[in-house]
Amino acid sequence: MTQQISIFNHTLVPDVGVYLSKLTSQMALTNVKNQLCLVMPFPAGTDLGFEVLFTVPDNYSSTPVLVLRGVINGTPANIFGIGAQLLQVDVAENIDAAYEAEDTASNATWTGYTDEEEYELGITLTPSAAFVAGRTVYLKVFRDDSVDTQTIDFLLTSLFFRYTET
C-alpha cells in the first residue's frame, strides 16, 4: 500500500531569495488564506530552493517519491522544473559527504491550470543505495535553472515523502 509523510517541517532552511510567507501576502485574493507557504521564485541564472531532513519511516519498503504541492502564482507557461539531491546516513555515519546525483521532474503542459490553482509534481528519488528505515535523509530541493523557464513563483504549501510500505 502507498503511504506518505509530510516533510515540510521545522528543519527546512531556504536559500537566499526563497522565503516563508502567507498565501494572502503573495497573491491578490478576494478571500483571505493565511496558510503558510514557501515562496520559490523563478530561477534567474541559479537554482533556488531549500534544504530539509527527515527520517525514513519504519514501514518503508520501496518506490520513493518526493511530492511538492503548492499554488501557482501567475499564469503558467513554459517549463516548470524541479530538482532534488539527497544524502542518506545512519547513526555514527559522517554527514560531510556530497549530495548524490540530481533527480528531476518537469512539466511543460499547462492545459486546465491557471493562476491561483493548486498544483502537484512528483520526483522519483533514485538513491545510490536503497533507503533504509530509520536512517536520516538530508534533502536539497530546488527549481532547476537548467530546465525551468517559468517566470512565475511557486508557493509551496506541502512536501511529502511517498513510498510503498512493508
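Okay, so let's go over this structure.

## A look at the overall build of the protein
Turning to step 1, where the next piece is worked out: Along its length, the protein carries one helix and eleven strands.
Turning to step 2, where the next piece is worked out: Each helix (α) and strand (β) of the protein, taken in turn from the N terminus, gives the series β-β-β-α-β-β-β-β-β-β-β-β.
Turning to step 3, where the next piece is worked out: The C-alpha atoms of the protein give a radius of gyration of 16 Å, which matches the 15 Å a tight globule of 166 residues would have.
Turning to step 4, where the next piece is worked out: Overall, the protein is about 50 × 30 × 30 Å in size when its C-alpha atoms are taken along their principal axes.
Turning to step 5, where the next piece is worked out: Out of the 166 residues in the protein, the part that is buried amounts to 44%.
Turning to step 6, where the next piece is worked out: A separation threshold of at least 6 residues defines the contact pool for the protein, and within that pool the share at least 24 residues apart is 82%.

## What to know about the nonpolar core
Turning to step 1, where the next piece is worked out: Counting residues in each nonpolar core, the largest one holds 35 residues, and the members touching the most others are F50, L66, L68 and L139.
Turning to step 2, where the next piece is worked out: For this core, the secondary-structure elements that each account for two or more residues are strand 4 (36-40), strand 5 (48-55), strand 6 (60-73), strand 7 (80-89), strand 9 (118-124), strand 10 (136-143) and strand 11 (153-165).
Turning to step 3, where the next piece is worked out: Ranked by the residues each element gives to this core, the list is headed by strand 11, at five residues.
Turning to step 4, where the next piece is worked out: If sequence neighbours within four positions are ignored, L139 has contacts with I7, F50, E51, V52, F54, L66, A84, Q85, L86 and Y99.
Turning to step 5, where the next piece is worked out: Judged by nonpolar contacts, the second largest core, of six residues, contains L23, C37, V39 and L155.

## Concerning the side chain of D153
Turning to step 1, where the next piece is worked out: You can see D153 is positioned in strand 11.
Turning to step 2, where the next piece is worked out: Buried charged residue D153 carries no salt bridge. Nearest counter-charge: R143, at 5.0 Å.
Turning to step 3, where the next piece is worked out: In this structure, D153 is in contact with V39, M40, P41, F42, V71, I72, N73 and R143, ignoring residues within four places of it in sequence.

## Some thoughts on the environment of T151
Turning to step 1, where the next piece is worked out: Position of T151 relative to the elements: it lies in the loop between strand 10 and strand 11.
Turning to step 2, where the next piece is worked out: Separated by 108 residues in the primary sequence, T151 and P43 place their C-alpha atoms 8.1 Å from one another.

## Quick notes on unusual backbone geometry
Turning to step 1, where the next piece is worked out: Notably, N78 is not glycine yet its phi reads approximately 70°, a positive angle.
Turning to step 2, where the next piece is worked out: Along the chain, the position of N78 falls in the loop between strand 6 and strand 7.
Turning to step 3, where the next piece is worked out: In the Ramachandran plot, E116 falls in the positive-phi region, its phi being about 70° despite a non-glycine side chain.
Turning to step 4, where the next piece is worked out: Positionally, E116 belongs in the loop between strand 8 (103-107) and strand 9.

## A word on the sheet that holds strand 8
Turning to step 1, where the next piece is worked out: The five strands are arranged 2-5-10-7-8 in an open sheet whose pairing can be described as antiparallel. Each edge of the open sheet carries a strand with a single partner, namely strand 2 (13-14) and strand 8.
Turning to step 2, where the next piece is worked out: Bridge count for strand 7 against strand 8 is five bridges, and the pairing is antiparallel. Directly across from G83, in strand 8, lies its bridge partner T104.

## Comments concerning the pairing of strand 5
Turning to step 1, where the next piece is worked out: Summarising the sheet, strand 2 and strand 5 pair through two bridges and their orientation is antiparallel. Its bridge partner being in strand 5, V13 is matched across the sheet by E51.
Turning to step 2, where the next piece is worked out: Alignment of strand 5 against strand 10, held across eight bridges, turns out to be antiparallel. Within the sheet, the bridge partner assigned to L48 lies in strand 10 and is R143.

Rules used throughout
- Throughout this document, residue positions are counted from 1 along each chain, in the order its sequence is written.
- The predicted origin of the model limits local features to residues at a pLDDT of at least 70 and limits the giving and counting of side-chain atom pairs to 80 or more, whereas totals for whole chains, interfaces and linings rest on all residues.
- Water and hydrogen atoms play no part in the side-chain values, which are based on all heavy atoms of the structure.
- Strands here are runs of E lasting at least two residues and helices are runs of H or I lasting at least four, both read from the DSSP assignment and numbered beginning at the N terminus.
- The size measure is the radius of gyration over C-alpha atoms, and the globule rule it meets is 2.2 Å times the number of residues to the 0.38 power.
- With a 1.4 Å probe rolled over the protein chains alone, any residue whose accessible area is under 20% of its type maximum counts as buried; one over 50% counts as exposed, and the rest are partly exposed.
- We call two residues in contact when some of their heavy atoms are within 4.5 Å.
- By nonpolar core is meant a set of buried Ala, Val, Leu, Ile, Met, Phe, Trp, Tyr and Cys residues that side-chain atoms within 4.5 Å join together.
- By the counting scheme adopted, Arg and Lys are positive, Glu and Asp are negative, and His together with the chain ends is not counted.
- We count a salt bridge whenever a side-chain nitrogen from Lys or Arg sits within 4 Å of a carboxyl oxygen from Asp or Glu.
- One requirement defines pairing of two strands: DSSP has to find at least two bridges between them.

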